[in-house]
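Descriptive structure summary
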Amino acid sequence: MVLSDRTIKEEIAAGNIVIDPLDPINIQPASVDVRLDKTVLVFRNSRLPYIDVRKDVSDLTESEEISEEQPFILHPGEFVLASTLEHIEIPADIVARLEGKSSLGRIGLLIHSTAGYVDPGWQGHLTLELSNVASLPITLYFGMPIGQLSFLRLTTEAENVYGSNALNSKYLGQTQPTASRMHRNFQD
């Protein structure tokens, strides 16, 4: 079942769900709004002829900072990685779903391609996969509401939470947008 605002507040007060920093105004009826952090990873397609998923592609991106005064401009068809301002921690008996804000979706901003699922045991800032599917550029401001997290209770605690030795967890504890680590799946 999806947690209500009342239950979300109880889980936060008990220290089971961590969202830091958290402004209580960001707690919605069945979700919590998350905001955009300063760092954006921009893809430089002139460096490689293609993306080989078996190879480390972290050098395919360059980090840019969104200043307090000037937004980042996301052009039509552009894809960048960013992250939430908030550090998120999820307990063993809850899973979270990251979704876009309706107002941003209505202007063509998608905040994730496939990475909307936040496993039990997650700790860190969430990487956002920002795409502009509109025909005009979209401004992105540091600290703007960018998405929302809803929480669902599992039937039991997860046996192997994200980051456990039994899993190949690649992004635990990230504090910045993180390029794909898919290549690690091909290593012995």
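Above this note sits the structure.
In this text, all values refer to a predicted model and were calculated from it rather than measured experimentally.

**Section: the pattern of salt bridges**
A complete count under the given rule lists eight salt bridges for this structure. Arginine 153 is the salt-bridge partner of glutamate 11, the closest N and O atoms lying 2.9 Å from each other. Of the two residues, glutamate 11 sits in helix α1 (residues 5-13) while arginine 153 sits in strand β14 (residues 145-153), which places them 142 residues apart along the sequence. Residue arginine 97 pairs with glutamate 99 through a salt bridge whose shortest N-O separation is 3.6 Å.

**Quick notes on the environment of histidine 183**
By secondary structure assignment, the location of histidine 183 is in the segment after β14. Counting along the chain gives 129 residues from histidine 183 to arginine 54, while the straight-line C-alpha distance between them is 4.3 Å. Those residues in contact with histidine 183, other than ones at most four positions away along the chain, are Val53, Arg54, Lys55 and Asp56.

**A few points about the layout of surface pockets**
For the largest pocket, the calculated volume is near 630 Å³. Considering the residues around the largest pocket, the lining is formed by 24 residues, among which Ala115, Thr127, Glu129, Tyr171 and Thr178 are closest to the centre. Those elements giving two or more residues to the lining of the largest pocket turn out to be β6 (79-83), β10 (117-118) and β12 (127-132). Of the residues that constitute the lining of the largest pocket, the class distribution is 15 nonpolar, seven polar and two charged.

**Brief notes about the sheet that holds β10**
One open sheet holds the four strands; their spatial order is β2-β14-β8-β10, and the pairing between them is antiparallel. Each of the sheet's edge strands pairs with one partner strand only, and the pair in question is β2 (32-35) and β10. In this sheet, β14 lies alongside β2 in antiparallel orientation, the contact comprising four bridges. Paired with aspartate 33 across the strands is glutamine 148, a residue of β14.

**Concerning the packing of aromatic side chains**
Under the counting rule described, the total for this entry stands at two aromatic pairs. With a centroid separation of 5.5 Å and 40° between ring planes, the pair formed by phenylalanine 43 and phenylalanine 79 is classed as tilted. A residue pair is termed long-range when its members are at least 10 positions apart, and phenylalanine 43 in strand β3 (residues 39-43) and phenylalanine 79 in strand β6 qualify at 36 residues. Centroid distance tryptophan 122 to tyrosine 162: 5.4 Å. Interplanar angle 55°. Geometry classified as tilted. On the criterion of sequence distance, the pair formed by tryptophan 122 in the loop between β10 and β11 (123-124) and tyrosine 162 in the segment after β14 is long-range, its members being 40 residues apart. On the basis of relative accessible area, tyrosine 162 is assigned to the buried category, the value being 14%. Over the ring of phenylalanine 142 we find lysine 38, and its NZ or CZ is 4.9 Å from the ring centre.

So, how was this worked out
- Residues numbered from 1 in each chain as written.
- Predicted model: local features only at pLDDT ≥ 70, side-chain atom pairs only at ≥ 80, totals over all residues.
- Heavy atoms only, no water.
- Salt bridge = Lys/Arg side-chain N within 4 Å of Asp/Glu carboxyl O.
- Helix = DSSP H or I, 4+ residues; strand = E, 2+ residues; numbered from the N terminus.
- Contact = heavy atoms within 4.5 Å.
- 1 Å grid on protein atoms, 1.4 Å probe; cavity = no way out; pocket = protein on both sides within 12 Å on 5 of 7 lines; lining within 4 Å.
- Points joined across faces, edges and corners; volume = space filled by probe spheres on them.
- Nonpolar A, V, L, I, M, F, W, Y, C, P; charged D, E, K, R; others polar.
- Pairing = 2+ DSSP bridges.
- Phe/Tyr/Trp six-rings, centres within 6.5 Å; stacked < 30°, edge-to-face > 60°.
- Buried < 20%, exposed > 50% of the residue type's maximum accessible area, 1.4 Å probe, protein only.
- Lys NZ or Arg CZ within 6 Å of the ring centre and 35° of its normal.

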